[in-house]
Amino acid sequence: MMRARVIPTLILLVVVFGFSRTAAAQTSDLDPRIVKLVAEISEERLEKILEKLESFETRNTLSSTTSTTRGIGAAREWILQEMRSYSPKLQVSFDAHQVPKQGRITRDVELRNVMAILPGRSPRRIYVSGHYDTVARAGGQGAANASGAPRDPDAAAPPPADPNAPLDNLAPGVNDDGSGTALTIELARVFSQSGIDFDATLVFMCHAGEEQGLVGARLHAQKAVEEKIPIEAIFNNDIVGNDKGGNGIIDGATIRVYSEGPEDSPSRELARFVQRWGGRYVPSHRVRPMARPDRFGRGGDHSAYNQLGFTAVGFRESRENFTRQHDVRDTFEGISLPYLAQNARVNAAAAATLALAPPPPGVTSDRGQPLITRAPSGYDANLRWNASPGAAAYRIFWREAWGPDWEHELLVGDVTNVVLPNMQIDDYIFGVAAVDTQGHESFVTAYVAPARANTAIRSGSAGQ
Ligand SMILES: [Zn+2]
């Protein structure tokens, strides 16, 4: 009578931990420190940063580096000094790479990402990023789209007449991606001045070389692999400041979050996490998860991290104005400060929650097998996971195997095994998140069946 014993155990777990949670200090799903941090996001600050970024006239990765007022050299120096001014806790530096001529990099160049590290209690890292480099070309993005040409909107511009001359044509890039850069810089300020002792190390990263093919992001991701830097999650923001579509449709109340598949990849779970926690701290702004790596045929820096196995999502405004992208018209007039601030608040809420939570639990064995079985009855859902450092409880989630969003959740206390009697593991997707004593929750790790081995069967005529 195994089943008879399992049912009361589960009920008991839920009752005991459900009660102690209510009886403890926590009386809200929201952490007042995160509420305060989110409220610190300032439209005026974002405006000042955007105006400064626009003043450099171009931030093309191949532009001049000698001027102190114009081009990417002046821009990166200003970003470095600006973030340094926020707090002595922020470790701000150039993440520099010598890049020889290749692809859209038309001459040897020194590429510098600008990186601000806010050390946490543990080395695991959470990134908030944008790209500060820009590009503008004749006709811009709008003409290319409207012509119906199957051209990749992010394709290379024609090579310059003199590849060794700086590419100094006007490329203000206030939305692409001044918006994501300003958001990243503003979050560096509010996080470093919050006084919160985060568990995870936060990194505020302004990439270069995005417009030449995600070059700065890829170089940093390669270094992270080589140096075994434990990057847990990347929130990439690119084109997040405009709420008026070029077709006249206005939407300042939603943000798209793109993530690569398959359905229960860590990046998808990160997108679901942003929807869950962004929605709790910023209920006036709706997160729209998109089940694809990015917009149709277009790219962004999160994909450079995905390609090397990191968990990363891309934030994109809901209604784009293509006539302003990769164009001299990408100016401050194309920005909605209230909209950009809302997107910054969603990023802040999700990144702060994740940085205070324990790391997501592992749900596979040493041999990579998912720790889910039908025991003990043969018809149950038996979930096991590896304890996450700092966790005080776990929350399990499930949904019909057809659905995109978690439908059910259950807090189960400080255990590493739960049995849900008569729940057929074939009919549901299951996952588990780690929760600390104050309710900070990790993103979910889902139980995913390994792919079936693709084994060819030899065949031959009878008698051979
Ligand atoms: Zn961009």
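Residues numbered from 1 in each chain as written. Predicted model: local features only at pLDDT ≥ 70, side-chain atom pairs only at ≥ 80, totals over all residues. Heavy atoms only, no water.

**Observations concerning a negative patch on the surface**
Then step 1. Taken together, the side chains of E400, D405, E407 and D427 make up a negatively charged region of the molecular surface.
Then step 2. Turning to its location among the elements, D405 is positioned in the loop between β11 (393-400) and β12 (408-411). (Patch = residues over 30% accessible without salt bridge, like charges linked within 9 Å, V, L, I, M, F, W, Y side chains within 5 Å. Areas by Shrake-Rupley, 256 points an atom, 1.4 Å probe, with all protein chains shown as cover. Salt bridge = Lys/Arg side-chain N within 4 Å of Asp/Glu carboxyl O. Lys, Arg positive; Asp, Glu negative; His and termini not counted. Charge placed at Lys NZ, Arg CZ, Asp CG, Glu CD. Helix = DSSP H or I, 4+ residues; strand = E, 2+ residues; numbered from the N terminus.)

**Remarks on the sheet that holds strand β10 (residues 381-384)**
Hydrogen bonds between backbone atoms are what pair the strands of a sheet, whose relative direction is either parallel or antiparallel.
Then step 1. As summarised here, the arrangement of the three strands in space is β9-β10-β13, forming an open sheet in which the pairing is antiparallel. If you trace the sheet from one side to the other, it starts and ends with β9 (372-373) and β13 (417-420), each paired once.
Then step 2. Across four bridges, β10 lies against β13 in antiparallel orientation. Its bridge partner lying in β13, N382 is registered against V419. (Pairing = 2+ DSSP bridges.)

**Quick notes on the coordination of the zinc ion**
Then step 1. Those protein atoms acting as donors to the zinc ion are H131 (NE2), D176 (OD), D238 (OD) and D238 (OD), and they sit at 2.0 to 2.6 Å.
Then step 2. Each of the four donor atoms bound to the zinc ion contributes to angles spanning 52 to 146°, and the resulting shape is irregular.
Then step 3. In the primary sequence, the donor residues of the zinc ion line up as H-x44-D-x61-D. Residue H131 is found in strand β3 (residues 125-131), and its partner D238 is found in the loop between β5 (231-237) and β6 (254-258); the two are separated by 107 residues along the sequence. Of the two residues examined, H131 and D238, each falls in the buried class. (Donors = N, O, S within 2.8 Å, 3.2 Å for Na, K, Ca; no water. Tetrahedral: all angles 85-135°; square planar, octahedral: opposite > 155°, others 65-115°. Buried < 20%, exposed > 50% of the residue type's maximum accessible area, 1.4 Å probe, protein only.)

**Notes on the packing of helix α3 (residues 43-55) against helix α10 (residues 337-356)**
Then step 1. Running from amino to carboxyl end, α3 crosses α10 at an angle of 105°, the nearest separation of the two axes being 9 Å. For the element pair α3 / α10, the angle class is roughly perpendicular. When α3 is examined against α10, the residues E43, L46, E47 and L50 are found in contact with a partner set consisting of L337, P338, L340 and A341.
Then step 2. Of the residues contributing to the contact of α3 with α10, the split by class is six nonpolar, no polar and two charged. (Axes fitted to C-alpha atoms, helices over the stretch in contact; angles between N-to-C directions. Parallel < 35°, antiparallel > 145°, perpendicular 65-115°, else oblique. Contact = heavy atoms within 4.5 Å. Nonpolar A, V, L, I, M, F, W, Y, C, P; charged D, E, K, R; others polar.)

**Describing the pattern of salt bridges**
Then step 1. Tallying each qualifying case throughout the model produces 26 salt bridges.
Then step 2. We note a salt bridge from E320 to R256, for which the minimum N-O separation is 3.0 Å. Placement of the pair is E320 in the loop between β8 (312-317) and α10 and R256 in strand β6, with a sequence separation of 64 residues. Per residue, the accessibility class of E320 equals that of R256, and both read buried.
Then step 3. R276 is the salt-bridge partner of E441, the closest N and O atoms lying 2.8 Å from each other. Linking E441 in the loop between β14 (428-435) and β15 (445-446) with R276 in helix α8 (residues 266-281), this pair joins segments that are 165 residues apart in sequence.
Then step 4. Judged by its relative accessible area of 1%, E441 falls in the buried class.
Then step 5. By relative accessible area, R276 is classed as buried at 18%.
Then step 6. Through salt bridges that share partners, D238, R256, D294, R295, R298, R316 and E320 make up one connected network.

**Section: the sheet that holds β15**
Then step 1. The antiparallel open sheet is built from four strands, whose spatial order is β12-β11-β14-β15. At either end of the open sheet lies a strand with only one pairing partner, and these are β12 and β15.
Then step 2. Summarising the sheet, β14 and β15 pair through two bridges and their orientation is antiparallel. Across the sheet, G431 pairs through a bridge with A446, a residue of β15.
Then step 3. Along the sheet face, α8 touches β11, β12 and β15 and points at about 110° away from the line of β11.

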